[in-house]
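Observations on the three-dimensional arrangement
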Amino acid sequence: MSGTSLDGVDGLLVEFTDRSQPEPLSASPLQLHAIGFSSRHLVGTLREQLFALQTPGPDELSRAALAAIQLTDLYAEVVAELIATAGLQPQDIQGLGAHGQTVRHRPELGYTLQLLAPARLAEQSGIDVVADFRSADVAAGGQGAPLVPAFHAALFDAPGRARAIVNLGGIGNVTRLDGLGGVSGHDTGPGNLLLDAWCHRHTGAVFDEDGAWGMQGTVIPDLLARSLAEPWFSLPAPRSTGRDLFGLRWLEDRLNGHENPVDVQATLVALTAETVHRACLGADSVYVCGGGARNSALMRAIRSLCAPTPVSTTDALGLPAHAVEAAAFAWLARERMTQRAAGRPTVTGARGARILGAVWPAPL
Ligand SMILES: Nc1ncnc2c1ncn2[C@@H]1O[C@H](COP(=O)(O)OP(=O)(O)OP(=O)(O)O)[C@@H](O)[C@H]1O
Ligand SMILES: [Mg+2]
């Protein structure tokens, strides 16, 4: 998995089993055993290129193809490390789910674009690769995002519990499990990406470690109100978004130029927290995953807005916050390889549940 934060590539080696008899407190027959986790930071020219490719520019086609190849080689390194650390061989692995790097997300125009070279990944890893997870849902009129609610439901659903699972990647997304088998979900807006971009501009750090810098600032109520007035926040579900909308340009359009940078950071924390709070209204409990779970300032703001509803991380449900997205794409690959439709029309708005992803076979 490499998400919209552009922070790196996360790999998880996982074994799934299906219990024949679900345990009394769990509706889910799915059992997940995480064997290993490995990641690589995105650095140097590859990171710069992937950032540059988020917005239109000259010679995009060849730059995109070359960035896809470099990114694929980083994926292959992560995979090789995972397998070696586990003492396994490529032929022991049934499939490899690879998301690629989103560079455009325009479902309303009929496309969403993730850079990756799946044939090259199959060749290098020796494993069947599943990629291009979003296109089938978009082709069926859906948003193609978020795709993780199906996985959250398969793993975290429990009868009688109204749970909200919140993933705080570059973009935030929520899954609502109503405890009666119902699943809904949507993107919530910026998760970390504005926080990262603003912090980088003013401190040079790629993210605000533990939210320590933002915690020194004071929320600017006007700026928060102007930000929350963004029409996207009032759209009904299904809704999804990306860097196409929420970039530094979006923030700059709302600044008057006289703000103290650290106060802007505090306001961005409040913005993410408020959008998460709105998405979790009515839940019995909230579980956060993704890199944002490591930002204490953000977690504190979410807890304070959601109180008295308890807010914890997915670690409390048995899957560490940093591993959930990667686990989701391993599961989506498994659903694809067993020809099961993992699309959720109630989440994405597609006209039907589609089998998601395409398979690039390993060399025989
Ligand atoms: N120690 C930390 N303190 C503060 N923020 C952190 C910390 N560790 C990670 N983060 C934040 O988490 C981000 C990475 O999160 P993650 O990998 O879940 O996002 P992602 O790659 O965008 O995934 P996706 O978009 O698929 O959900 C970083 O960019 C940073 O903002
Ligand atoms: Mg990431």
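Residues numbered from 1 in each chain as written. Chains lettered and ligands numbered in written order. Predicted model: local features only at pLDDT ≥ 70, side-chain atom pairs only at ≥ 80, totals over all residues.

Another point: the overall build of the protein. From N to C terminus, the protein includes 12 helices and 12 strands. Here the C-alpha atoms of the protein give a radius of gyration of 20 Å, agreeing with the 21 Å that 2.2 N^0.38 yields for 364 residues. Seen through its principal axes, the protein has C-alpha atoms that stretch 60 × 55 × 40 Å. Among the 364 residues that make up the protein, the fraction classed as buried is 49%. (Helix = DSSP H or I, 4+ residues; strand = E, 2+ residues; numbered from the N terminus. Rg over C-alpha atoms; globule rule 2.2 N^0.38 Å. Buried ≥ 20, exposed ≤ 12 C-beta atoms within 10 Å, placed from the backbone.)

For the rest of this paragraph, the subject is the packing of helix 9 (residues 261–279) against helix 10 (residues 296–306). Remark: helix 9 packs on helix 10, axes separated minimally by 9 Å, with the N-to-C direction vectors making an angle of 40 degrees. Between helix 9 and helix 10, the angle is such that the two are oblique. When the axes of helix 9 and helix 10 are compared, the crossing they make is right-handed. Where helix 9 approaches helix 10, its residues Val269, Ala270, Thr272, Ala273, Glu274, Val276 and His277 are matched on the opposing element by Ala297, Leu298, Ala301, Ile302, Leu305 and Cys306. Considered class by class, the residues forming the contact of helix 9 with helix 10 number 10 nonpolar, two polar and one charged. (Axes fitted to C-alpha atoms, helices over the stretch in contact; angles between N-to-C directions. Parallel < 35°, antiparallel > 145°, perpendicular 65-115°, else oblique. Left-handed = near helix turned anticlockwise from the far one by under 90°. Contact = placed C-beta atoms within 7 Å. Nonpolar A, V, L, I, M, F, W, Y, C, P; charged D, E, K, R; others polar.)

With that out of the way, let us pick up the nonpolar core. Judged by nonpolar contacts, the single largest core of 96 residues is most densely connected at Val288, Ala327 and Leu332. Those residues in contact with valine 288 that lie beyond four places of it in its chain are Val166, Leu168, Ala293, Met299, Ile302, Val311, Thr313 and Ala321. (Core = buried A, V, L, I, M, F, W, Y, C linked by C-beta atoms within 7 Å.)

Before going further, it helps to examine the sheet that holds strand 12 (residues 358–360). One open sheet holds the three strands; their spatial order is 3-6-12, and the pairing between them is mixed. The sheet is open, and its two edges are formed by strand 3 (96–97) and strand 12, each paired on a single side. Where strand 3 meets strand 6 (residues 129–131), two bridges bridge the pair, whose relative direction is parallel. Its bridge partner lying in strand 6, glycine 97 is registered against valine 130. The strands that helix 3 (residues 118–125) touches are strand 3, strand 6 and strand 12; relative to strand 6, the one it contacts most, it runs at about 160 degrees. (Pairing = 2+ DSSP bridges.)

Looking now at the domain arrangement of the protein. As far as domains go, the protein holds domain 1 (8–144 + 323–360) and domain 2 (149–322). If you look at the interface, domain 1 gives 27 residues, while domain 2 gives 27 residues. Of all the secondary structure elements, the ones that give two or more residues to the side of domain 1 that touches domain 2 are strand 2 (30–41), strand 4 (101–106), helix 11 (324–337) and helix 12 (345–348). Looking at the side of domain 1 that touches domain 2, the element that brings in the most residues is helix 11, giving six residues. Broken down by class, the residue content of the side of domain 1 that touches domain 2 amounts to 13 nonpolar, 10 polar and four charged. (Domains from an automatic or database assignment.)

As a further point, take the packing of helix 6 (residues 193–203) against helix 9. Put simply, helix 6 and helix 9 touch, their axes get as near as 10 Å, and they point 170 degrees apart. It follows that helix 6 is roughly antiparallel to helix 9 by the angle criterion. Along the contact surface, helix 6 presents Leu194, Leu195, Trp198, Cys199 and His202, while helix 9 presents Pro261, Val264, Gln265, Leu268 and Val269. Of the residues assigned to the contact of helix 6 with helix 9, the class counts are eight nonpolar, two polar and no charged.

Quick look at the site of ligand 1 now. Looking at ligand 1, there are 23 residues lining it, with Gly3, Ser5, Gly169, Asn192 and Gly291 nearest. Taken together, the residues of the shell around ligand 1 sort by class into four nonpolar, 12 polar and seven charged. (Near = placed C-beta within 6 Å.)

What follows covers the sheet that holds strand 9 (residues 183–190). With mixed pairing, the five strands of this open sheet are ordered in space as 9-8-7-10-11. At either end of the open sheet lies a strand with only one pairing partner, and these are strand 9 and strand 11 (311–313). Strand-to-strand, the axes of this sheet are offset by a mean angle of 25 degrees, without reference to chain direction. As defined by bridge partners, strand 8 (residues 171–177) adjoins strand 9 across seven bridges and the pair is classed as antiparallel. Following the sheet pairing, glycine 172 is matched in strand 9 by glycine 189.

What follows covers unusual backbone geometry. The general pattern is negative phi for most residues beyond glycine and trans for most peptide bonds. That bond from alanine 145 to proline 146 is cis: its omega, -15 degrees, falls within 30 degrees of zero. Tracing the backbone shows proline 146 in the loop between helix 4 (135–139) and helix 5 (149–156). In the segment running from alanine 307 into proline 308, the intervening peptide bond is cis, with an omega of 10 degrees. Its place among the elements puts proline 308 in the loop between helix 10 and strand 11.

Tracing the backbone shows proline 310 in the loop between helix 10 and strand 11. Put simply, proline 310 and alanine 283 are 27 residues apart on the chain and 9.4 Å apart in space, counted from C-alpha to C-alpha.

Turning our eyes to something else, we now look at the environment of serine 39. Here serine 39 lies in strand 2. Overall, the presence of 18 C-beta atoms within 10 Å leaves serine 39 in the partly exposed class. Linking serine 39 and leucine 12, residues 27 residues apart in sequence, is a C-alpha distance of 8.6 Å. Those residues in contact with serine 39 that sit more than four places away from it in its chain are Gly8, Val9, Asp10, Gly11 and Val78.

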